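A closer look at the structure
Residue-level listing of the chains:
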There are 2 protein chains.
Amino acid sequence: MRPESTTARQVRPGGTNGESFFVEPPAAFDEAQEVVGRKWHLRIVYQLLEHGPMGFNALEDRVVGVSSKMLSESLSRLEDDGVVDRDLVSDQPLRVAYSLTERGAALEPVVWGLLRWSVEHGPAEDA
Amino acid sequence: MRPESTTARQVRPGGTNGESFFVEPPAAFDEAQEVVGRKWHLRIVYQLLEHGPMGFNALEDRVVGVSSKMLSESLSRLEDDGVVDRDLVSDQPLRVAYSLTERGAALEPVVWGLLRWSVEHGPAEDA
DNA sequence: CAGCATCCTCTTCGATACTG
DNA sequence: CAGTATCGAAGAGGATGCTG
C-alpha cells in the first residue's frame, strides 16, 4: 500500500528510516485537504465518479443538501484545483457538463477508501 | 476497489444501480471529514502510523508547525472519535503515550492513498 | 437552465501566556 | 513533561434573493 514507486516527487527523503528524524511533506497534506477537507468537494467528486459527467442541476439534485451557492463555489474551486472540468454543451438553452479531470478521477481509491473506512469502522459507539 | 463486502452498514441501497436515483450516504462523508477535514488530524495520524506510539512533546516536534494548543485540541477530538488512545505511562514524571486505536490504524490506506495522490498527481500547474 | 451577490453566524485556527 | 486559558482574525458555510 505504500507508495514505493513515486514518480513526480518523493514522500520520503530516503529509503531508510533512521533516527534522523524526518517529517511528513506538509505540502502534500495541504493539497490533499484542499480537496478532501471542504464539505462538498468529496461529495461532488463521488457523484461524478459514480454517474459520470452531468450538469449543474443534476449535481444539485444528487448532492444531498447542497445549495446552488455552495455548489457553484465548490465547483469553481475544484476547477481551479484541476479536479473537475467544465464544458459548455450548448448556449441556447444554456447547458454545461461537469466531469472529472485525470487528477480528479485519480481520487477514486481515496473516495472509496474513505467510504469503506466509515462503513467498516463505524463511529465510536462510546464517547 | 469498491467496498463490495461491507460489514456494518451499506454504502449502496441495493446491488443494482437503476434509474431510481440513489444518493450517497451523507453520514459516511461526515464521519470521514471529522478526521480528514481538520488541519492537524491527518498529520497526527500519519506520525503515529509511521513511528508508533509517542508522547505529547514527541508529537509536537514531529508534526511540523503545530502548536501545543492545537495539538492538545486535536488529540482530544481524535480520542473522542475513537481514533487515538491516550495512555498514562507514569505519574512522576508525568508521561503519556498516544497511539492509534484499531479504527485509527484502519486509516492507513486512506493516508497513503492521499499522499500518493498528492505526489503522483501534483498540484495543477496551470490555473 | 446555470449561476452570482449579499448578509450573517459559527467555527477554526493561530498567538500568547500560564499551570500541575 | 503535558498540557489549559484567553483573545482575536479569518474563513467556511447557510439563507435569501436576483440574473443572463
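Before reading on, note that the structure itself is shown above.
Keep in mind that what you see is a predicted model, and the values were worked out from it rather than measured.

The next subject is the overall build of chain A. Summing up its helical and strand segments, chain A has six helices and two strands in all. Written out in order from the N terminus, the α and β elements of chain A read α-α-α-α-β-β-α-α. Among the 127 residues that make up chain A, the fraction classed as buried is 44%. Taking the contacts inside chain A whose residues are at least 6 apart along the sequence as the reference set, 42% of them involve residues at least 24 apart. As presented, chain A carries roughly 6500 Å² of accessible surface, and 48% of it is formed by carbon and sulfur atoms.

Moving on to the protein's contact with DNA strand C. In the vicinity of DNA strand C lie 17 residues, with A:Ser72, A:Tyr98, B:Arg38, B:Lys39 and B:Lys69 positioned nearest. Protein-proximal atoms of DNA strand C, defined as those within 4 Å of the protein, fall in sugar or phosphate at a share of 70%. A:Asn57 places a polar side-chain atom, nitrogen or oxygen, 2.8 Å from a phosphate oxygen of DNA strand C. Note that a base oxygen of DNA strand C is positioned 2.4 Å from one of the side-chain N or O atoms of B:Lys69. Secondary structure elements with two or more residues in the surface near DNA strand C: helix 3 (56-62), helix 4 (68-80) and strand 2 (95-100) of chain A together with helix 4 (68-80) of chain B. Residue composition of the surface near DNA strand C, grouped by class: seven nonpolar, three polar and seven charged.

All names here are of chain A. Where like charges cluster on the molecular surface, the negative patch consists of Glu-79, Asp-80, Asp-85 and Asp-87. Within the residue set of the negative patch, elements represented by two or more residues are helix 4 and strand 1 (84-90). With respect to the helices and strands, Asp-80 occurs in helix 4.

We now examine the environment of B:Glu34. Residue and element names in this part refer to chain B. For Glu-34, the location among the structural elements is in helix 1 (residues 26-36). For the pair Glu-34 and Leu-78, spaced 44 residues apart in sequence, the C-alpha separation works out to 8.9 Å. Apart from residues no more than four positions distant in its own chain, Glu-34 is found in contact with His-41, Arg-77 and Asp-81.

As a further point, take the pairing of strand 2 (residues 95-100) of chain B. Residues and elements named next belong to chain B. Summarising the sheet, strand 1 (residues 84-90) and strand 2 pair through six bridges and their orientation is antiparallel. From the neighbouring strand, Arg-86 faces strand 2, where its bridge partner is Tyr-98. The loop that links strand 1 with its antiparallel partner strand 2 comprises four residues.

All right, on to the side chain of B:Thr101 then. All names here are of chain B. Checked against the element boundaries, Thr-101 lands in the loop between strand 2 and helix 5 (102-105). The class for Thr-101 is buried, based on a relative accessible area of 15%. A distance of 2.5 Å separates a polar side-chain atom of Thr-101 from the backbone oxygen of Gly-82. Beyond its immediate stretch of four places on either side in the chain, Thr-101 contacts Gly-82, Val-83, Val-84 and Asp-85.

Reading the values: rules and limits
- Residues numbered from 1 in each chain as written.
- Chains lettered and ligands numbered in written order.
- Predicted model: local features only at pLDDT ≥ 70, side-chain atom pairs only at ≥ 80, totals over all residues.
- Heavy atoms only, no water.
- Helix = DSSP H or I, 4+ residues; strand = E, 2+ residues; numbered from the N terminus.
- Buried < 20%, exposed > 50% of the residue type's maximum accessible area, 1.4 Å probe, protein only.
- Contact = heavy atoms within 4.5 Å.
- Areas by Shrake-Rupley, 256 points an atom, 1.4 Å probe, with all protein chains shown as cover.
- Near = heavy atom within 4 Å.
- Polar contact = N/O pair within 3.5 Å; in protein donor to acceptor, adjacent residues only side chain to side chain.
- Nonpolar A, V, L, I, M, F, W, Y, C, P; charged D, E, K, R; others polar.
- Patch = residues over 30% accessible without salt bridge, like charges linked within 9 Å, V, L, I, M, F, W, Y side chains within 5 Å.
- Salt bridge = Lys/Arg side-chain N within 4 Å of Asp/Glu carboxyl O.
- Lys, Arg positive; Asp, Glu negative; His and termini not counted.
- Charge placed at Lys NZ, Arg CZ, Asp CG, Glu CD.
- Pairing = 2+ DSSP bridges.

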